[in-house]
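Listed below are the residues making up each chain.
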Amino acid sequence: MSPDDVTRVHIGSDVQIAGARQAVREAAVAAGFSLVEQTKIVTAASELARNTLVHGGGGYMDLAVEDGPRGQGIHLTFTDEGPGIKDVSAALSDGYTTGNGLGLGLGGARRLVQDFTIDSTPGGGTTVTAVSWSRAGQRARR
Amino acid sequence: MSAESGAERIPVLRLGDVLIAAIQQELTDQSALALQQDLTEMAAAGARGVIIEISGVEIIDSFLARILSEIAAATSMLAGRTVIAGMRPSVAITLVEMGLSLRGLRTARSLEDALSILGHSGPQAGR
């Protein structure tokens, strides 16, 4: 993807979490995602944006649409300069929470997308990527 | 979280001893928290049930799920019940895939079904 195809949404307040959801929904509609596919990627984006705000102290989401062999995909990257995640596999497990949610934010988001990575070092911020493809790509995966 | 985020308040209607809140737009976190406060206070002032109509809600993430569960927990302590009405199928599928269960929440397909769960006859189904 070329850099000019990337939309950046800043995440510094709960209103901007809603803005991130809106941007992802519009991109998913334009990429031909079904209603369920749209709902999943928007829900994942909401979880990850809140994670960026609450645990990362704010940051931004980069949104890009990619062309794949069987249709378009939505590629989301959430970046913060927060304290980082000490134990990534613990943070992904259900029930892991700092008291702000149900402890399903990261793990739940991972289950809603097809590709998911976390890059985090204590003190060095966190980058989470999440990628989903429209239906044709999903069928191929199953 | 910051105070300036201008939480839009969801209106809460009272029908007999049932409180009804219909969420018609995208909720910010602050609006969801404001609704939780309003419903809990109004339920404490006397209500047998609370219906939250969510046919206009396009996504429920773990934050909104927690708010809904807490409203249900608070109303049940105050001798009422909460029924969630009109959840979109795409929202239900997504909640299940995420592994979220709305524990303690009754659901109904429509506002009318929710009223009958609460023992309220509701408007006669005319039209």
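Residues numbered from 1 in each chain as written. Chains lettered and ligands numbered in written order. Predicted model: local features only at pLDDT ≥ 70, side-chain atom pairs only at ≥ 80, totals over all residues.

Trainee: Looking at this model, I keep getting lost on the overall build of chain A. Mind explaining?
Mentor: Along its length, chain A carries 5 helices and 5 strands. For chain A, the N- to C-terminal ordering of α and β elements is β-α-α-β-β-α-α-β-β-α. A fraction of 65% describes how many contacts in chain A between residues 6 or more apart in sequence connect residues 24 or more apart. (Helix = DSSP H or I, 4+ residues; strand = E, 2+ residues; numbered from the N terminus. Contact = placed C-beta atoms within 7 Å.)

Trainee: Quick question: what am I supposed to make of the sheet that holds strand E2 (residues 18-22) of chain B here?
Mentor: Adjacent strands of a sheet form backbone hydrogen bonds with each other and so pair up, either parallel or antiparallel. Residue and element names in this part refer to chain B. Taken together, the 5 strands give an open sheet; going across it, the order is E1-E2-E3-E4-E5, and neighbouring strands pair in mixed fashion. Each having just a single partner strand, strand E1 (12-15) and strand E5 (106-108) make up the two edges of the open sheet. Averaged over all adjacent pairs, the angle separating strand axes in this sheet is 25°, with direction ignored. Examined bridge by bridge, strand E3 (residues 49-53) and strand E4 (residues 81-85) share 5 bridges and lie parallel to one another. Paired with valine 50 across the two strands is threonine 82, which belongs to E4. Relative to the sheet, helix H1 (residues 29-44) contacts E1, E2 and E3, its axis offset from that of E2 by approximately 170°. Along the sheet, helix H2 (residues 62-77) contacts E3 and E4; its crossing angle with E4, the most-contacted strand, is approximately 150°. (Pairing = 2+ DSSP bridges. Axes fitted to C-alpha atoms, helices over the stretch in contact; angles between N-to-C directions.)

Trainee: Honestly, helix H4 (residues 105-112) of chain A in this entry has me stumped. Any pointers?
Mentor: Helical periodicity: at 3.6 residues per turn, an α-helix aligns residues three or four positions apart in one direction. Among the 8 residues of H4(A), 6 are classified as buried, and the element is accordingly described as predominantly covered. Turning to H4(A), its buried residues are Gly105(A), Leu106(A), Gly108(A), Ala109(A), Arg110(A) and Leu112(A). Structurally, H4(A) contributes buried residues whose contacts are with helix H2 (35-54), helix H3 (88-92), strand E4 (115-120) and strand E5 (126-133) of chain A together with H2 and helix H3 (89-98) of chain B. (Buried ≥ 20, exposed ≤ 12 C-beta atoms within 10 Å, placed from the backbone.)

Trainee: Where do I start with the packing of H2(A) against H4(A) in this structure?
Mentor: Two packed helices can be described by the angle between their axes and the distance between those axes. Residues and elements named next belong to chain A. Contact geometry for H2 and H4: axes closest at 9 Å, N-to-C directions at 150°. In terms of axis orientation, H2 runs roughly antiparallel to H4. Handedness of the H2/H4 crossing: left-handed. Touching Lys40, Thr43, Ala44, Glu47, Leu48, Arg50 and Asn51 of H2 are Gly105, Leu106, Gly108, Ala109 and Leu112, all from H4. (Parallel < 35°, antiparallel > 145°, perpendicular 65-115°, else oblique. Left-handed = near helix turned anticlockwise from the far one by under 90°.)

Trainee: Quick question: what am I supposed to make of the pairing of E5(A) here?
Mentor: When a strand is regular, its side chains alternate between the sheet's two faces. Residue and element names in this part refer to chain A. Pairing analysis gives 8 bridges linking strand E3 (residues 71-80) to E5, with the strands arranged antiparallel. In the strand pairing of E5, threonine 79 is matched with threonine 127. With 6 bridges joining them, E4 and E5 adopt antiparallel strand pairing. Considered in E5, the bridge of serine 120 is made with threonine 126.

Trainee: When you look at the interface of chain A and chain B in this model, what are you seeing that I'm missing?
Mentor: How big an interface is tends to be reported as the loss of accessible area on association of its parts. Each side of the interface is counted separately: chain A has 23 residues, and chain B has 22 residues. Breaking the side of chain A that touches chain B down by element, the ones donating at least two residues are helix H1 (14-30), H2 and H4 of chain A. Top element by residues in the side of chain A that touches chain B is H2(A). It accounts for 9 residues. Here the residues of the side of chain A that touches chain B sort into 9 nonpolar, 7 polar and 7 charged. (Nonpolar A, V, L, I, M, F, W, Y, C, P; charged D, E, K, R; others polar.)

Trainee: What is the right way to look at the nonpolar core in this model?
Mentor: Side chains of nonpolar character tend, in soluble globular proteins, to be buried together. Residue and element names in this part refer to chain A. Of all hydrophobic cores here, the largest spans 66 residues; its most connected members are Val24, Ile41, Ala45, Leu48, Ala49 and Leu76. Broken down by element, the residue count for this core peaks at 8 residues, all from H2. Once residues within four sequence positions are removed from consideration, alanine 45 is found in contact with Ala20, Arg21, Val24 and Leu76. (Core = buried A, V, L, I, M, F, W, Y, C linked by C-beta atoms within 7 Å.)

Trainee: Would you explain the packing of H2(A) against H3(B) in this entry?
Mentor: Relative orientation of the contacting elements H2(A) and H3(B) amounts to 50°, with a least axis distance of 9 Å. With respect to each other, H2(A) and H3(B) are oriented oblique. In the packing of H2(A) onto H3(B), the handedness of the crossing is right-handed. Along the contact surface, H2(A) presents Leu35(A), Val36(A), Thr39(A), Lys40(A) and Thr43(A), while H3(B) presents Ser90(B), Val91(B), Ile93(B), Thr94(B), Glu97(B) and Met98(B). Residue composition of the contact of H2(A) with H3(B), grouped by class: 5 nonpolar, 4 polar and 2 charged.

Trainee: Explanation requested: the sheet that holds E4(A) in the structure shown.
Mentor: Residues and elements named next belong to chain A. Strand order in the open sheet made by the 5 strands is E1-E2-E3-E5-E4, with antiparallel pairing throughout. Single-partner strands in this sheet number two, and they are strand E1 (7-11) and E4. Ignoring which end each strand starts from, the neighbouring axes of this sheet average 15° apart. By the bridge criterion, 10 bridges tie strand E2 (residues 59-68) to E3 in an arrangement that is antiparallel. Residue tyrosine 60 lies in a different strand from E3, and its bridge partner there is threonine 79. Set on the sheet, H2 makes contact with E1, E2, E3 and E5; between it and E3 the angle comes to about 10°.

Shape is all these values report; function is a separate question.
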